[in-house]
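Observations on chain architecture
Each chain, written out:
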Amino acid sequence: MNEKRKGKFQILAIVFILSLLVAAFVTFFLGHFMVGSVLFVIFMVILNALSGWTRIKNSEYIHLKKHKYNEKW
């Protein structure tokens, strides 16, 4: 995926996640507790999946850098 498209996707994902969080709080404070709770759970699941994916990606990056550094010697 090229960088320009990747940047647009990241901005779209951030806007979606923030709007989901705002929608959860607004519906919760308007009195629709079940809908607000469901939206918040969806927000947490998406956030948990993204953080796990990022952790794995960072671990792979560190492992590859260590391996590349050790090959020189």
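That block above? That's the structure.
Figured I'd write up the structure that's included with this text. (Residues numbered from 1 in each chain as written. Predicted model: local features only at pLDDT ≥ 70, side-chain atom pairs only at ≥ 80, totals over all residues. Heavy atoms only, no water.)

Here's the deal with the packing of aromatic side chains
For the structure shown, the criterion picks out five aromatic pairs. Grouped by ring-pair contacts, the aromatic residues Phe25, Phe28, Phe29, Phe33, Phe40 and Phe43 constitute a single cluster. (Phe/Tyr/Trp six-rings, centres within 6.5 Å; stacked < 30°, edge-to-face > 60°.)

Remarks on the environment of Phe28
Considering the arrangement of structural elements, one finds Phe28 in helix H1 (residues 3-29). Residue Phe28 is classed as partly exposed on the basis of its relative accessible area of 34%. Along the sequence, Phe28 and Leu39 sit eleven residues apart, while their C-alpha atoms lie 9.3 Å from each other. Contacts of Phe28, omitting those with residues within four sequence positions, involve Phe33, Gly36 and Ser37. (Helix = DSSP H or I, 4+ residues; strand = E, 2+ residues; numbered from the N terminus. Buried < 20%, exposed > 50% of the residue type's maximum accessible area, 1.4 Å probe, protein only. Contact = heavy atoms within 4.5 Å.)

Thoughts on a nonpolar patch on the surface
A contiguous nonpolar patch, built from Phe25, Phe28, Phe29, Phe33, Phe40, Met44 and Leu47 and spanning about 700 Å² of accessible area, is present on the exposed surface. Where the nonpolar patch is concerned, the elements lending two or more residues are H1 and helix H2 (33-72). If one sorts the elements of the nonpolar patch by residue count, H2 sits on top with four residues. (Patch = residues over 30% accessible without salt bridge, like charges linked within 9 Å, V, L, I, M, F, W, Y side chains within 5 Å. Areas by Shrake-Rupley, 256 points an atom, 1.4 Å probe, with all protein chains shown as cover. Salt bridge = Lys/Arg side-chain N within 4 Å of Asp/Glu carboxyl O.)

Points about the nonpolar core
Formed by Ile17, Leu20, Ala24, Leu39 and Phe43, the largest nonpolar core amounts to five residues. Of all the secondary-structure elements, those providing two or more residues to this core are H1 and H2. In terms of residue count, the dominant contributor to this core is H1 (three residues). (Core = buried A, V, L, I, M, F, W, Y, C linked by side-chain atoms within 4.5 Å.)

Overview of the side chain of Thr27
Among the structural elements, Thr27 can be located in helix H1. Among residues more than four places away in sequence, those in contact with Thr27 are His32, Val35, Gly36 and Leu39.

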